[in-house]
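What follows is the residue order along each chain.
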Amino acid sequence: IIAAHFLMLWYVQTAAITPPSALAAQIAANIAGANFYRTCFACVWLCVPFYIIPLWFIYGSLLTGDLPSRLIAFVTIGLGLIIMGAASNRYLRGTLTWPETAIAACAAVALLVPWEPLNWVGGALASAFYAWRVFVSTRRVERPQSQPS
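Note that this is a predicted model, so its numbers are computed, not measured.

K.L.:
Looking at this model, I keep getting lost on the side chain of Thr-101. Mind explaining?
P.N.:
Relative to the assigned elements, Thr-101 resides in helix α6 (residues 98-112). The residues contacting Thr-101, other than those within four sequence positions of it, are Ala-87, Arg-90 and Leu-96.

Set out below in structure tokens:
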């Protein structure tokens, strides 16, 4: 029951950044002299993890599990948020192509859904994706050496 109460408390806090009230977004828009609705959209976009993490309170072992399962959940969420950030910004050790962005987004979703078999698939996909990005970013293009004339 504590997980349900914590979920409600967590989602009540989102009223500060989501329309129609969005008090924090309204203050930020007034300070910056920006459009209120564009500022709200930016707030919601930047706070996507704010909406995902509470699902782990209910469906995962983040609050109610033993210490090893909590640590595994914490690492899974952290890796998922890093890969989601890479997909949403289209950047991880260099600019991502659209197929790479799609792969990163799929890996992030698989990691952030609180279901352990899917988390393993997401972890494998995220690891392979990161290894690919390391390979692509560190490979050097060999240029033919100019011949002395």
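K.L.:
Any chance you could explain unusual backbone geometry here in plain terms?
P.N.:
For residues that are not glycine, phi is negative in most cases, and the peptide bond is trans in most cases. Residues other than glycine seldom take positive phi values, yet Arg-90 does so here, at roughly 55 degrees. Mapped onto the elements of the fold, Arg-90 is located in the loop between α5 (67-89) and α6. Assessed through its relative accessible area of 24%, Arg-90 is described here as partly exposed.

K.L.:
Looking at this structure, how should I read helix α7 (residues 116-138)?
P.N.:
Helix length check: α7, at 23 residues, gives a terminal C-alpha distance of 33 Å against a target of 33 Å (1.5 Å per residue), a fit within 8%. Three or more residues of α7 are buried, namely Asn-119, Gly-122, Gly-123, Ala-126, Phe-129 and Arg-133. In the core, the buried residues of α7 are packed alongside α4 (48-59), α5 and α6.

K.L.:
Sorry if this is basic, but what is going on with the environment of Leu-71 here?
P.N.:
Topologically, Leu-71 is positioned in helix α5. Given a relative accessible area of 48%, Leu-71 falls into the partly exposed group.

K.L.:
Sorry, what's going on with the nonpolar core here?
P.N.:
Generally speaking, a soluble globular protein has its nonpolar side chains buried in company with each other. Counting residues in each nonpolar core, the largest one holds 14 residues, and the members touching the most others are Ile-83, Met-84, Leu-92, Ala-104, Ala-126 and Phe-129. With five residues, α6 is the single largest residue contributor to this core. Here Met-84 is in contact with Val-48, Pro-49, Ile-52, Ala-108 and Leu-112, once residues within four sequence places are set aside. Counting seven residues, the second-largest nonpolar core is a separate cluster that includes Trp-10, Phe-57, Leu-62 and Ile-77.

K.L.:
So what exactly am I meant to see when it comes to the packing of helix α3 (residues 36-46) against α4 here?
P.N.:
Packed helices, taken two at a time, are described by the angle between their axes plus the distance between the axes. Put simply, α3 and α4 touch, their axes get as near as 4 Å, and they point 40 degrees apart. Between α3 and α4, the interaxial angle falls into the category oblique. Residues Val-44, Trp-45 and Leu-46 of α3 touch α4, and the partners they reach there are Val-48, Pro-49 and Tyr-51. Taken together, the residues of the contact of α3 with α4 sort by class into six nonpolar, no polar and no charged.

K.L.:
So what exactly am I meant to see when it comes to the side chain of Asn-119 here?
P.N.:
In this fold, Asn-119 is placed in helix α7. Those residues in contact with Asn-119 that sit more than four places away from it in its chain are Trp-56, Thr-76, Ala-110, Leu-111, Leu-112, Val-113 and Pro-114.

About the thresholds
- Residues numbered from 1 in each chain as written.
- Predicted model: local features only at pLDDT ≥ 70, side-chain atom pairs only at ≥ 80, totals over all residues.
- Heavy atoms only, no water.
- Helix = DSSP H or I, 4+ residues; strand = E, 2+ residues; numbered from the N terminus.
- Contact = heavy atoms within 4.5 Å.
- Buried < 20%, exposed > 50% of the residue type's maximum accessible area, 1.4 Å probe, protein only.
- Expected span 1.5 Å × (residues − 1).
- Core = buried A, V, L, I, M, F, W, Y, C linked by side-chain atoms within 4.5 Å.
- Axes fitted to C-alpha atoms, helices over the stretch in contact; angles between N-to-C directions.
- Parallel < 35°, antiparallel > 145°, perpendicular 65-115°, else oblique.
- Nonpolar A, V, L, I, M, F, W, Y, C, P; charged D, E, K, R; others polar.

By themselves, these observations are geometric and do not establish any function.
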